[in-house]
Amino acid sequence: MQNKSLVSITDYSKAEYLKILDLAAEFEKNPNQEILKGKLVATLFFEPSTRTRLSFETAINRLGGRVIGFADVNSSSVTKGESLKDTIKMVTSYADLIVIRHPTEGAARYASEIATVPVINAGDGANQHPTQTLLDLYSIQKTQKTLENLNMFMIGDLKYGRTVHSLLMAMSYFNPTFYFISPDELKMPREYLIYLNQQKIKYYEYKEFMPIISEADIVYMTRVQKERFSDPIEYEKTKNAYVLRNSMLEHTRANMKILHPLPRVNEISLDVDENPKAYYFTQALNGVFVRQAIISSILGLNS
Ligand code: CP
């Protein structure tokens, strides 16, 4: 993993994922260490973020490193017409590691080809969000005590939701059964279904999650990704397609946990938050430990 960019979830092997999860557990026990002292990480967010940027920056600060970058593209010279290539060429000469979020699919890969330091993809359009996937794996392993043979329900915007795309690929190492629940307009893209067929992973597609939710080990809710729609009328048609309410959880498995990459809009009712099966806020906290593990592994500075 040392000096290796993390752009797609397939950049790392199963053994490498598992190593990151073990290391994240160590950081959870002891998050304040000085192992990044003297290191500088650039966080370049061309799209809005709360959790990903702040958890990366928390991870870096807790490890004694320093952060440069921008949270708003309007405060960068991109607004003057500077290209992504020139931006990366500059930043690669300032920092030891680049974390980038960009609205264009493939932008992080392109950045990794220009940069002379490793690049971490913090989300590229509707494509991938691999560090979210690693924190999702960590959350699943922590709550289920295994990653193997789980019933994974993915609900909502499976077309534009980059987190479900990365998670589907990573979980495929662990013999899951997928239940994809979405409106017709937001179905899991065909390329991912082909991938599952090639891996001989079972999946089912539904339009409703009741009453089959009783079979779930993990319910992974997603927000309808308003920013990816070219037609606002299409967004309006699908935005409230699914709302998970506390009353729907009555006949679910004892081990079942509800995950969501957040932010949520309407898809999880507030009355679910107090249910012990709601795990999404702890999931977001786990992002700090997992990102500590990813950064220290890439920089070869394991605790
Ligand atoms: N999960 C996630 O990517 O959240 P942010 O958009 O707030 O970073």
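Okay, so let's go over this structure. None of the values given here were measured: they were computed from a predicted structure.

## Focus: the site of the ligand
Working step 1: Contacts to the ligand come from Ser-49, Thr-50, Arg-51, Thr-52, Arg-101, His-129, Gln-132, Pro-261 and Leu-262.
Working step 2: In this structure, Thr-52 approaches the ligand through a side-chain N or O atom, which is 2.6 Å from an oxygen atom.
Working step 3: Note that a nitrogen atom of the ligand is positioned 2.7 Å from one of the backbone N or O atoms of Pro-261.
Working step 4: About the coverage of the ligand: the protein hides 91% of its 250 Å² of free accessible area.
Working step 5: Residue composition of the shell around the ligand, grouped by class: two nonpolar, five polar and two charged.

## Considering unusual backbone geometry
Working step 1: Put simply, Met-210 and Pro-211 share a cis peptide bond, and its omega is 0°.
Working step 2: Within the element layout of this structure, Pro-211 appears in the loop between strand 7 (202-206) and strand 8 (218-221).
Working step 3: Omega for the bond connecting Leu-262 with Pro-263 falls within 30 degrees of zero, at 5°, which places this linkage in the cis form.
Working step 4: By the element assignment, Pro-263 lies in the loop between strand 9 (257-259) and helix 9 (280-298).
Working step 5: Of note in the backbone geometry, Asn-175 takes a positive phi value of approximately 50° without being a glycine.

Scoring rules and cut-offs
- Residues numbered from 1 in each chain as written.
- Predicted model: local features only at pLDDT ≥ 70, side-chain atom pairs only at ≥ 80, totals over all residues.
- Heavy atoms only, no water.
- Near = heavy atom within 4 Å.
- Polar contact = N/O pair within 3.5 Å; in protein donor to acceptor, adjacent residues only side chain to side chain.
- Areas by Shrake-Rupley, 256 points an atom, 1.4 Å probe, with all protein chains shown as cover.
- Nonpolar A, V, L, I, M, F, W, Y, C, P; charged D, E, K, R; others polar.
- Helix = DSSP H or I, 4+ residues; strand = E, 2+ residues; numbered from the N terminus.

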